[in-house]
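Structural features, examined
Read off the chains here:
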Amino acid sequence: MEVVISQASREDFPAMIQLADLTLPDRMNVHELKKYFELFPELIFKGTHNGELIGFCCAGINMYQTTGWLMFSSVAEGFRGRGIGKRFIETRLLALKQFPHLREVLVTVGETNFSSIRALESFGFRLRYIDKDYYGPGKSRKILELPASSLPLPNALLSKSNTAIDGSDFHKIPVHNL
Ligand SMILES: CC(C)(COP(=O)(O)OP(=O)(O)OC[C@H]1O[C@@H](n2cnc3c(N)ncnc32)[C@H](O)[C@@H]1OP(=O)(O)O)[C@@H](O)C(=O)NCCC(=O)NCCS
């Protein structure tokens, strides 16, 4: 099964929102997506299978371009557990790596989002702190961090058997030197 990861565009909005609504309905809407596109047009990626959108992810960076953020990711239910979430993490880390002053990458994750936490930890992310009640009473978030010195090399995932989904080219991303 070939899943191609490439930059998303405005034409992908409806499919992206439809997918986000199925997974984290309270977290993403079309207005937020528009803001992401205005701020970080080159940090939003989609995964497609036979031309259909089966996932997407967003990253951002602070105004000093020193702290990158992994902001959102979603993989359609039937495609989970096949390494696509990890490819989304790697794709965004490699895109953030293009910023010369990058010092660290941070990510927010719900305390019980075990698949996300496990995927992030496999890239070296470690807990920085826990933000109590961030999502409402009793619902905390974890902030994980990865120093820029620990960012992956391109194609690092190819060496891991569970992520080379079809043995074909890993990334087909039309942006600078990913
Ligand atoms: C989080 C999400 C993007 C992960 O996508 P995915 O394609 O399934 O991720 P991967 O296949 O790369 O798996 C990542 C890790 O999670 C593990 N995993 C998968 N399903 C799991 C589950 N139900 N419980 C625990 N771990 C699980 C995998 O084994 C893998 O770890 P490993 O390689 O060390 O074994 C996907 O589950 C999703 O869209 N969730 C809903 C939206 C969401 O929570 N987004 C993240 C916050 S914005």
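From a predicted model like this one, the values you see are computed outputs, not experimental measurements. (Residues numbered from 1 in each chain as written. Predicted model: local features only at pLDDT ≥ 70, side-chain atom pairs only at ≥ 80, totals over all residues.)

With 13 residues, helix α3 (residues 84–96) should reach 18 Å at 1.5 Å per residue; the first-to-last C-alpha distance of 18 Å fits that figure. The buried fraction of α3 is high, at twelve of 13 residues. Residues of α3 that are buried include every one of I84, G85, R87, F88, I89, E90, T91, R92, L93, L94, A95 and L96, and no others. On its buried face, α3 sits against β1 (4–7), β2 (44–49), β3 (52–61), β4 (67–75), β5 (104–110) and α4 (114–122). (Helix = DSSP H or I, 4+ residues; strand = E, 2+ residues; numbered from the N terminus. Expected span 1.5 Å × (residues − 1). Buried ≥ 20, exposed ≤ 12 C-beta atoms within 10 Å, placed from the backbone. Contact = placed C-beta atoms within 7 Å.)

So, on to the nonpolar core. The biggest cluster of nonpolar side chains holds 36 residues, and the ones touching the most others in it are F45, C58, A59, L70, I89, V107 and L120. Only α1 (13–23), β2, β3, β4, α3, β5, α4 and β7 (141–147) provide two or more residues apiece to this core. Tallying contributions element by element places α3 first for this core, with seven residues. Aside from chain neighbours lying at most four places away, what touches L120 is I89, V107, V109, F125 and L144. (Core = buried A, V, L, I, M, F, W, Y, C linked by C-beta atoms within 7 Å.)

Turning our eyes to something else, we now look at the pairing of β2. Where a strand is regular, its side chains alternate between the two sheet faces. Looking at chain direction, β1 and β2 are connected through four bridges and run antiparallel. Note on β2: the bridge partner recorded for I5 is G47. Sheet topology note: the β2/β3 ladder contains six bridges and is antiparallel. The partner of F45 across the bridge, within β3, is C57. The loop that links β2 with its antiparallel partner β3 comprises two residues; one of these, N50, has a positive phi angle of about 50°. (Pairing = 2+ DSSP bridges.)

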